[in-house]
Each structure stands twice: as C-alpha cells, then as structure tokens.
Amino acid sequence: MSSRRTFIKQMGALAALSSLPMASHALGWAKKPEQLSLKNLPIGVEGSWDVIVVGGGPSGCTAAISAAREGARTLLIEATGQLGGMGTAGMVPAWCPFSDGEKIIYRGLAEKIFNASKHGVPHEPKEKLDWVNINPEYLMRIYEQMVNQAGAEILYFSRLAAVIKNADDRVDAIVVANKRGLTAFKAKVFVDATGDGDLCAWAGAESMKTDVLQDSTLCFSLANVDTYHFLHGPNLHSDNKQSPLYQAIASGKFPLVTGHMCLNLVGPGVVQFNAGHIHADSTDPWSVSRAMTVGRDTAEEYLLALKEIAPAAFANAFVVKTASLLGVRDSRRIVGDYIFTGDDWRARRQFEDEIGRNCYFIDVHKPGHVPTHYGKGDSHGIPYRCLTPKGLRNVLTSGRCISTDEEAFGSLRVMPPCLVTGEAAGMAAAHAIRQTQGDVHQIDVKRLRQRLKEEGQYFL
Ligand SMILES: Cc1cc2nc3c(=O)[nH]c(=O)nc-3n(C[C@H](O)[C@H](O)[C@H](O)COP(=O)(O)OP(=O)(O)OC[C@H]3O[C@@H](n4cnc5c(N)ncnc54)[C@H](O)[C@@H]3O)c2cc1C
C-alpha cells in the first residue's frame, strides 16, 4: 500500500496543479502557468469499485447500465445533477434517426431507452423512428431509473479533476472535486464518457482535436407558444430555404440569429430549439463561460425574431429555459487501437470486431460543409478497437470521444451511436475484469459480441 504522501505524488494530472510535463498541453493551457504544490492537502480514498464510468451522458448511462448488469460493482460519476448529458442538460431537442430508412439499427439498450423516452412525448406518432422529439425532464428520469435498476450507483455534482497512475499504462484511481473537496475513487477499469475525453487525456493518452472545431450551440426552450399556429403555420426550420427565418437574418436586426434553427414541439406550448452557432472550445473553461453568455443572448434574439416573423405562434412566447450545459459538438477524440475514418464510412465497412452499426450522415457544423448521406438500408460497423485507447490498459472510451477521424466524427458523434458504444464499453469493462485482469485490449471480443447480441444489439 502506498502512503498518502506517495499517493498524492503519483497523481498523473491534477487540473491546474500537476507537475507532469505533458499536463500543461493536456489540460489546454495556452502557456504553462505558475505551479503550486498540493503536498499538504490530504485526499481521502472513498471506496474501491470494479468499474467507474465518468460522465453521465447517453454513452455513460448505457456504459454504467451494462457494466452493472454484467455483474460489475459500478459507480457513475457526473458533474451535473442529472443524467443524459447533451440530450437533457444540453437540451438537444430530438433523437437523430434510429433507423437506416428500413429498420431500426441502434438496438439493445439504445432501443430500450429510445422507446421509453417516447412516453414523454405522447404527441409523437408511436411508430416514428427518426427525429423523435425529446422531453428532457422525462428522459433524464428514464436514464436515472435504468441506471438505478441495473444496480449502478450514481454520484452527482462530482467532477473528475485528476487521474492517478502507478504505472504508465494503468489508471489506479481518479480524483473528483465536489462538496467534500477532493476525493479519490479506485476502480479496476474506468470508462471515459466525459464527451471531451478528460480522463484519457489527463492519463496521457494521445488525442486528436481539429484546429477549427465545429460550432457549439446553447439550446433553449420557448413556452406559451400557440401550438395550433406553430403546427399549422409556415415551416420555420432552417432547411427550408423559404423560411421567413432568412428574412429576419437579412434584416440585420438580429446579428446573433444564424441560418441554423431546428425547433421541436416537446410538450403543449413548449418548443425547444437547437439554434445558433457559437465558437467555443469546451476544454477551455473561459471559452465555455463566454459562450454561455452569448448563448443566452442568442436565445433572446431568436425569440424577438420569431415574434416578428411568426407572431401567430410566438407573440406571447418567452424563454422558459436555456440549457445548463453548453451544446458542445466537437472536442478531443482519443486515439484508439483503430481510428475509424471517413473512407471507412463511405465504404460502409464491416469489421470482425464490430459492436454495433451506424448510418447517420456526415453532419459537420462548419461553414461550407456539404453533408454526405447513405441510401436506405446502408450502414457501417463500429469496431470495438475504437473504444480502446492506445497506451492505457484499463480504460475504455464511449460516446463522442471514441477514436475517429474528423470527418467520420461528424457521423458517430450523435446520440444513437453514442448509446451503442456506451453499452459495448460497459460490458467490455466487466469482461476485462473477469478475463484479463482489467486489460481491455485483450478481452475475448467474440464473447463480447455474443453477449451484446444476446442483449439485442444489432451488427453483422
Ligand atoms: C447543439 C447540439 C445538437 C445536437 N443535436 C443532436 C440531435 O438532434 N440528435 C442527436 O441524437 N444528437 C445530437 N447531438 C449530439 C449528441 O447530443 C452528443 O454528441 C451526445 O450527447 C454525446 O454523448 P456522450 O455520452 O459522449 O456525452 P455528452 O452528452 O457530452 O455527456 C457528457 C457528460 O459527462 C459529464 N462530464 C463531462 N466532463 C466531466 C468531468 N470532468 N467529470 C464528470 N462529469 C463530466 C457532462 O456533465 C455530461 O453529462 C447534438 C449535439 C449538440 C452539441
């Protein structure tokens, strides 16, 4: 057993205070800051787990559920006070398509969560598979119930702050910041479901991040919308080039209103918006802070523009909520044993180790991007090796930080495939404990695929 002093010394990265040479880069500092030492600050160890999942977004939830169902003692650590990530705290208003145009392809836990979430939007047709609206309050309870029922524990308002390694390739514990100050948690295997790949990056894994990130959006809801006129009035979606939205933009009166507006009725009189583009880097807290303010100003401007262009629906509307998480599309992607590429996507590649399928189009929120779509019935495999970070023995990734190139990321970043990679990561974590002393690179992938199939997942 190492002493407390050694334990502190061995911390791989402690936000703002690490002495590792790579830390200043990994933590996103523009230049190396003055360094302080935490030597005199004791950090208690609060328990030891089989699997710790960090981040309670779509992929973190399915990871925690599947790890726990597979028999692992599982802890899910989440920075906010709710589960669902971008789909709830981020207020993304709709599920990307669950079907390839012919059949549902995101199955297993993904399909179960999707079906359960539909009860929160009873105005949506039961048989609808594509672009189903989300009631965020309802969805976050579904996630919570399913994680609890699976037997995983949830720790809210707790943010990963550092990673502790005794060997280069193994994470022994993580340090979390919450109302107890700093606390360490040990586990045999960790799943990084932070979206930004915080755990892996701070553990020294190689990551990819483009110079020009896709824009972010602060989603929001308007209430007291006239539902009848909303449903029967002009099509305001920005895909409709005749939308009066473009007149509002041309008027010059609403500088924060852009040609990006998706709007979904999530309940009587409540329309939720994924609208407006903001430049932000989610690994820089100052950038996110500024973006939140711009996002709230943007919501107000959209309201004013809508009152003008569609008064029958929006004259009496008001902003009832802006998201508590910035809608971050793009940040670190952690380099895994395989990097899934745009060419793989176009080739509709199949893999021996695939753990799910994906068919979402390449959807990149950057000016000038032309989306690429599949035809009906087309999809590609998602290899397990995209979830296993190079150089880290007992860590998996899930969700939007898995190993893809920039182009393929535009497709794999959305919620249905994130749910699928989460389920596979959680199950693989449990298998690694049983089979390989936590080495996620060496597990029996045939067995993993067999178990995923038994749980209803779809792949070739
Ligand atoms: C504006 C916008 C619109 C989108 N539209 C759609 C859409 O219409 N349909 C669709 O299906 N997808 C959409 N997406 C994509 C999708 O919502 C996300 O990519 C997806 O939610 C990613 O899932 P995830 O599990 O990787 O992580 P996230 O959803 O990003 O969740 C990460 C979770 O981890 C927590 N966390 C982060 N860091 C830490 C830390 N250090 N410690 C503890 N907890 C941490 C966060 O609080 C959060 O709860 C959209 C995304 C954005 C941003």
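Predicted model only: the values in this text are computed from it and were never measured.

Student: Report on the overall build of the chain, specifying residues and quantitative values.
Tutor: Scanning the chain from N- to C-terminus turns up 14 helices and 16 strands. Overall, the C-alpha framework of the chain stretches about 70 × 50 × 40 Å when taken along its three principal axes. Each of the 460 residues in the chain was classed as buried or not, and the buried ones make up 53%. The long-range share in the chain, meaning contacts at least 24 apart out of those at least 6 apart in sequence, stands at 76%.

Student: Can you lay out the environment of P244 for me, pointing to particular residues and giving the numbers?
Tutor: With respect to the helices and strands, the residue P244 is situated in the loop between α7 (227–232) and α8 (245–250). Residue P244 is classed as partly exposed on the basis of its 17 C-beta neighbours within 10 Å. Separated by 65 residues in sequence, P244 and I309 have C-alpha atoms that sit 6.1 Å apart. Ignoring sequence-local partners within four residues, the contact set of P244 consists of P234, L236, I309 and A310.

Student: Can you lay out unusual backbone geometry for me, pointing to particular residues and giving the numbers?
Tutor: Backbone geometry places F157, a non-glycine residue, at a positive phi of 50°. One can find F157 in the loop between β4 (153–155) and β5 (159–167). Residue F157 is classed as partly exposed on the basis of its C-beta count, with 13 C-beta atoms lying within 10 Å. Despite not being glycine, N224 has its phi angle at roughly 60°, a positive value. Following the sequence through the fold, N224 ends up in the loop between β9 (220–223) and α7.

Student: Any details on the packing of helix α13 (residues 415–435) against helix α14 (residues 445–454)? Residues and values, ideally.
Tutor: One way to put it is that α13 packs onto α14 with a least axis distance of 10 Å and a crossing angle of 125°. Relative to α14, the element α13 lies oblique. The crossing of α13 and α14 is right-handed. Of α14, the residues touching α13 (which contributes E423, A424, M427, A428 and H431) are R447, L448, R451 and L452. When the residues that make up the contact of α13 with α14 are grouped by side-chain class, the tally is five nonpolar, one polar and three charged.

Student: Give me the site of the ligand: which residues, what numbers.
Tutor: Neighbouring the ligand are 41 residues, the closest being G55, G57, G85, G327 and G399. Those elements that place two or more of their residues in the shell around the ligand are α3 (58–69), β5 and α13.

Analysis parameters
- Residues numbered from 1 in each chain as written.
- Predicted model: local features only at pLDDT ≥ 70, side-chain atom pairs only at ≥ 80, totals over all residues.
- Helix = DSSP H or I, 4+ residues; strand = E, 2+ residues; numbered from the N terminus.
- Buried ≥ 20, exposed ≤ 12 C-beta atoms within 10 Å, placed from the backbone.
- Contact = placed C-beta atoms within 7 Å.
- Axes fitted to C-alpha atoms, helices over the stretch in contact; angles between N-to-C directions.
- Parallel < 35°, antiparallel > 145°, perpendicular 65-115°, else oblique.
- Left-handed = near helix turned anticlockwise from the far one by under 90°.
- Nonpolar A, V, L, I, M, F, W, Y, C, P; charged D, E, K, R; others polar.
- Near = placed C-beta within 6 Å.

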